[in-house]
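This is what each chain is made of:
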Amino acid sequence: MIKIFGKRLISALAVLLVVSLITFFVLKWIPGDPAQLILGTEASQESLEALRESMGLNLPWTTQYWNWLVNLFHGDWGSSYIYGESVRTLILQRLPVTFSVTIFSMVIAVPLSALIGILAALFKDSPFDVLSRSLMQLGTAIPSFWLGMIFMIVFAAQLKWFPVTGYTPPSEGFFAFLHSIALPSIILAIGEMGVLIRLFRSSMLSALQQDFMQSAQVKGLPRAMAIVKYALRSAIIAPITVIGNQTAKLFGGTVIIETIFALPGIGRLLLTSVEQRDIELLQGIVLFITFMVVFINLITDLLVAAANPLIRMETGGKES
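Notes on the structure in this doc start here. Given the structure is predicted, the values throughout are model-derived calculations rather than measurements.

## Observations regarding helix 4 (residues 61–73)
Logical step 1: Compared with an ideal rise of 1.5 Å per residue, which puts 13 residues at 18 Å, helix 4 spans 19 Å between its outermost C-alpha atoms and is within 8% of the ideal.
Logical step 2: All of the buried residues along helix 4 are Gln64, Tyr65, Trp68, Leu69 and Leu72. All buried residues of helix 4 fall inside an arc of 130° around its axis, so they share one side. Residues of helix 4 that are exposed and angled more than 90 degrees away from the buried face: Thr62, Trp66 and Phe73.
Logical step 3: Positive phi appears at Gly75, one or two residues downstream of helix 4, with a value of about 85°.

Here it is, written out as structure tokens:
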């Protein structure tokens, strides 16, 4: 397991370095002068040149990248041109919102998808299986922005079960906090359930056809016990990887939902940085999202290795 962690960690650090390099140089090519953005169109040429020099914008791009990378390692992510605050502070302020919506949506999606997918596999070709396949298609096909607007009109504006927009932090009451993120989380969960139901169903069908199920039947082990003891453990390995990938995707893909429901999360902050061409903030957000995706994938790989002894044996030579 230690060897697996070491290899995955080296790979993760390499990905972060490459993404930081690409992000920095691509964003530097975007038209727009940060000094002009800060001082405005009426600023004199002397003021612009002085600000560019103080910000290091007159240095070669390679030097600017190295200085930015060194500052990152020292915890200095730069300052936003628009907000006038530290990029790290802005991201950390909005992290709880995106983190809460992402985790809560997966808490809804994973158990429901596992239950529906496993039952559909156990009762293959039954009316329940047909219904589950219909849910797969709907969950995959319906756009989240359209579903969000429909749910907002029906469940928030008309039925008033949920707030239309806004976010309540946990410090103002845990149930009020859950109430404020419930509707956007449900919408995101519906979008993820189509893929997860299909995966749990196919994984369970594959597990039920393995030799160990026939061996358990020959030994006289009750079918229900064989399913719980052997089939479920085998069927959960593939979904672990996809669940990790879906969580990572949600963490960087909540822009639409956060915009619709006016949630002050990282996705909405990313949209603002793009609209205002706040390069310093944008590159900080992109790198942070990349870090979270790489970190989640690293944890996912370790969980898969822990659940599947064959991976540990292939990677490390023996179980550790």
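## Quick word on the side chain of Ser180
Logical step 1: Tracing the sequence through the fold places Ser180 in helix 8 (residues 174–208).
Logical step 2: Ser180 gets classed as buried once you look at its relative accessible area, which sits at 7%.
Logical step 3: Within the local environment of Ser180, its side chain forms a polar contact with the backbone nitrogen of Thr168, the two atoms lying 3.2 Å apart.
Logical step 4: Not counting the four nearest positions on each side in its chain, Ser180 is found in contact with Pro163, Gly166, Tyr167 and Thr168.

## What about the nonpolar core?
Logical step 1: With 29 residues, the main nonpolar core has Tyr167, Leu183, Ile187, Leu196, Phe261 and Leu263 as its most contacted residues.
Logical step 2: At 11 residues, the largest contribution of residues to this core is made by helix 8.
Logical step 3: When sequence neighbours within four positions are dropped, the list of residues in contact with Ile187 reads Ser144, Leu147, Gly148, Phe151, Ile257 and Phe261.
Logical step 4: Leu69, Tyr81, Leu90 and Phe251 belong to the second-largest nonpolar core, a separate cluster that totals 25 residues.

## Some points on the packing of aromatic side chains
Any pair of aromatic rings gets described here by the distance separating the centres and the angle formed by the planes.
Logical step 1: Overall, the coordinates contain eight aromatic pairs when judged by the stated rule.
Logical step 2: Summarising the aromatic geometry, the rings of Phe174 and Phe175 are spaced 6.1 Å apart at their centres and angled 75° between planes, so their arrangement reads as edge-to-face.
Logical step 3: With a relative accessible area of 70%, Phe175 lands in the exposed category.
Logical step 4: When the centroid spacing of 6.2 Å and the interplanar angle of 15° are considered together, the rings of Phe291 and Phe295 count as stacked. Here Phe295 and Phe291 lie together in helix 14 (residues 279–307), a separation of four residues that amounts to about one turn.
Logical step 5: For Phe295, a relative accessible area of 40% gives the class partly exposed.

The rules behind each value
Residues numbered from 1 in each chain as written. Predicted model: local features only at pLDDT ≥ 70, side-chain atom pairs only at ≥ 80, totals over all residues. Heavy atoms only, no water. Helix = DSSP H or I, 4+ residues; strand = E, 2+ residues; numbered from the N terminus. Expected span 1.5 Å × (residues − 1). Buried < 20%, exposed > 50% of the residue type's maximum accessible area, 1.4 Å probe, protein only. Arc of directions from axis to C-beta. Polar contact = N/O pair within 3.5 Å; in protein donor to acceptor, adjacent residues only side chain to side chain. Contact = heavy atoms within 4.5 Å. Core = buried A, V, L, I, M, F, W, Y, C linked by side-chain atoms within 4.5 Å. Phe/Tyr/Trp six-rings, centres within 6.5 Å; stacked < 30°, edge-to-face > 60°.

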